[in-house]
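# A closer look at the structure
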There are 2 protein chains.
Amino acid sequence: MTEKYIIRESTKDDCDQIMKMIRELAEYERLSDQVKLNAETLQRDCFGEEKFCHCLVAETISPGECGEEKLLVGYVLFYYIYSTFKGRACYIEDVYVTPAWRGKGIGRAMWTEVTKIAVAKDCVLLRWAVLDWNTSAIDVYKQWGGQNMSEKEGWLFFLMHKQSMVDYLAKYTSIK
Amino acid sequence: MTEKYIIRESTKDDCDQIMKMIRELAEYERLSDQVKLNAETLQRDCFGEEKFCHCLVAETISPGECGEEKLLVGYVLFYYIYSTFKGRACYIEDVYVTPAWRGKGIGRAMWTEVTKIAVAKDCVLLRWAVLDWNTSAIDVYKQWGGQNMSEKEGWLFFLMHKQSMVDYLAKYTSIK
């Protein structure tokens, strides 16, 4: 197997393979039951008129029986956010490399590309989240210069799902 | 003092007053030293060609000596993000009400407007962060239907400042 790969912007046609990797990541994160997204929705939101996110992929090119074979072995999905303390920022939602291709610097190469894009966009912050039991990722992030803001300042990560949003509106828009 | 207020979209002209409130919020969060943003940059990023965020404000209108007096007493700043597990989502970066105007439902009224906007935009998630010592806010969020994902799944909040991004690039783009 060749170890050559390129990092490139993703296209609409990558969505099936990206979705497959998203499911692999969810499995690794022990959160498989949470994946509701599908390739069509990802296509609409990543490549439609209104873009909610950006995605780079790592692609390997190997000689196959019927010519060159291309395979996606990693992806990084990110978007721009805003810090009212600092200004423009970039959020890395996922960075993933398939197991067989780990340890070759592909994750770092994708992180590097996003960092370059963010700096070029005048972003002064990168933000991301990691699960507390994923100590190998935490170690790498700290080595790269990442700071654990949950530890440092006590930030907790909150969310409300669609049903809670609807329940909230039903409850509070009837009370004036 | 009248207790009437409206929630409306912010305009360029609000940026000075929003910046003042951002500084008040930072003081409350004991993070004043972190505020590097100014009104000009906020104007560019919130109202320029490329929008990094959206902002609603709470405005009071009182009878004054020289006619009606308008005053901003709160703001909520948000943007769209993306969950690879769930799809379109909305992130509430800040929600703030000036001390004299708390306890009148203004925070909840702004949260309600953002929730409506997010639902209309087909968002299936609201996300936000809160400091662990801010128990009064945490209690309110839980009452509204928010889930503490740091507690539930162990998500930690990470970031890298501009200098760390530059250091990272200097370190890893020289290693091939």
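Analysis parameters
Residues numbered from 1 in each chain as written. Chains lettered and ligands numbered in written order. Predicted model: local features only at pLDDT ≥ 70, side-chain atom pairs only at ≥ 80, totals over all residues. Heavy atoms only, no water. Pairing = 2+ DSSP bridges. Helix = DSSP H or I, 4+ residues; strand = E, 2+ residues; numbered from the N terminus. Phe/Tyr/Trp six-rings, centres within 6.5 Å; stacked < 30°, edge-to-face > 60°. Buried < 20%, exposed > 50% of the residue type's maximum accessible area, 1.4 Å probe, protein only. Lys NZ or Arg CZ within 6 Å of the ring centre and 35° of its normal. Least-squares fit on C-alpha atoms with pLDDT ≥ 70 in both. Contact = heavy atoms within 4.5 Å. Core = buried A, V, L, I, M, F, W, Y, C linked by side-chain atoms within 4.5 Å. Right-handed = clockwise from strand over helix to strand, strands pointing away. Arc of directions from axis to C-beta. Buried area = accessible area lost by both parts, 1.4 Å probe. Salt bridge = Lys/Arg side-chain N within 4 Å of Asp/Glu carboxyl O. Polar contact = N/O pair within 3.5 Å; in protein donor to acceptor, adjacent residues only side chain to side chain.

Bringing the sheet that holds strand β6 (residues 147-148) of chain A into the picture now. Ordered in space as β1(A)-β2(A)-β3(A)-β4(A)-β5(A)-β7(B)-β6(A), the seven strands form an open sheet in which the pairing is mixed. Only two strands of the sheet have a single neighbouring strand rather than two, namely β1 (5-9) and β6 of chain A. Two elements, strand β4 (residues 87-97) of chain A and strand β5 (residues 125-131) of chain A, share three bridges in a ladder whose sense is parallel. Bridge pairing links A:Y91 to A:R127 in β5(A).

In this description, an aromatic ring pair is defined by two values, namely the gap between the centres and the angle between the planes. What the rule picks out here adds up to 32 aromatic pairs over all chains. Note on A:W144 and B:Y172: the rings are 6.4 Å apart at their centroids and 70 degrees apart in plane angle, and the pair reads as edge-to-face. Of the two residues, A:W144 is situated in helix α4 (residues 135-144) and B:Y172 in helix α6 (residues 162-172); the pairing between them involves two chains. When sorted by exposure, A:W144 lands in the same class as B:Y172, which is buried. Aromatic side chains B:Y141 and B:W144 sit 5.9 Å apart centroid to centroid with 65 degrees between the ring planes, which places their arrangement in the edge-to-face category. With B:Y141 and B:W144 both in helix α4 (residues 135-144) and three residues apart, the pair spans about one turn of that helix. On the basis of relative accessibility, which here comes to 11%, the residue B:Y141 falls in the buried class. Chaining the aromatic ring pairs together yields one cluster made of A:W111, A:W128, A:Y141, A:W144, B:F158, B:Y168 and B:Y172. Just above the ring of A:W101 sits the side chain of A:K104; from NZ or CZ to the centre is 5.7 Å.

The next thing to look at is the relation of the copies chain A and chain B. Superposition record for chain A on chain B: RMSD 0.0 Å, screw rotation 180 degrees, translation along axis 0.0 Å. Look at the turn and shift together and you get a two-fold axis relating the two. Same-surface contact between copies: 100% of interface residues of chain A are shared with the interface of chain B.

Glancing now at the nonpolar core. Judged by nonpolar contacts, the single largest core of 128 residues is most densely connected at A:L42, A:Y75, B:L42 and B:Y75. Among residues more than four places away in sequence, those in contact with B:Y75 are A:T84, B:I18, B:M21, B:I22, B:L25, B:C55, B:L56, B:V57, B:D94, B:V95, B:Y96 and B:M110.

Within β5(A), seven of the seven residues are buried, leaving the element largely enclosed by the surrounding structure. The two faces of β5(A) match: A:L125, A:R127, A:A129 and A:L131 on one face and A:L126, A:W128 and A:V130 on the other face are all buried. Each parallel crossover has a hand, and for β4(A) linked through helix α3 (residues 106-120) of chain A to β5(A) it is right-handed. In terms of strand pairing, β5(A) meets strand β7 (residues 155-161) of chain B through seven bridges, oriented antiparallel. In the sheet register, A:A129 faces β7(B), and the bridge partner there is B:F157.

Those residues of helix α6 (residues 162-172) of chain A that sit buried are A:S164, A:M165, A:Y168, A:L169 and A:Y172. When α6(A) is viewed along its axis, its buried side chains cluster within an angular range of 140 degrees and face the same direction. Every exposed residue of α6(A) that faces more than 90 degrees away from the buried side is listed here: A:Q163 and A:A170. In this structure, the buried residues of α6(A) make contact with β7 (155-161) of chain A together with α3 (106-120), β5 (125-131) and α4 of chain B.

Moving on, we come to the interface of chain A and chain B. At the junction of the two partners, chain A supplies 78 residues and chain B supplies 78 residues. Taken together, the two surfaces of chain A and chain B that pack against each other cover about 8400 Å², and 61% of this comes from carbon and sulfur. Of all residues in chain A, A:Y82, A:F85 and A:F158 bury the most surface against chain B, accounting for 12% of the area lost on that side. At the boundary of chain A and chain B, one finds eight salt bridges. Two residues, B:R44 and A:D122, come together in a salt bridge whose shortest N-O distance is 3.5 Å. The interface formed by chain A and chain B holds 43 residue pairs in polar contact (both at pLDDT 80 or more) in total. As paired strands, β7(A) and strand β6 (residues 147-148) of chain B are joined by two bridges and run antiparallel to one another. The residue bridging A:L159 from the neighbouring strand is B:Q147, located in β6(B).

Take the pattern of salt bridges next. This model, assessed by the stated rule, comprises 20 salt bridges over all chains. A salt bridge links A:R8 to A:E59, with the nearest nitrogen and oxygen atoms 3.1 Å apart. With A:R8 in strand β1 and A:E59 in strand β2 (residues 54-64), this pair connects stretches of sequence that are 51 residues apart. Across the salt bridge formed by B:K116 and B:E113, the nearest N and O atoms sit 3.4 Å from each other. Of the two residues, B:K116 and B:E113 both sit in helix α3, three residues apart, roughly one turn of that helix. Taking the relative accessible area as the measure of exposure, B:K116 reaches 36% and is therefore partly exposed.

This is a description of form; function is not addressed.
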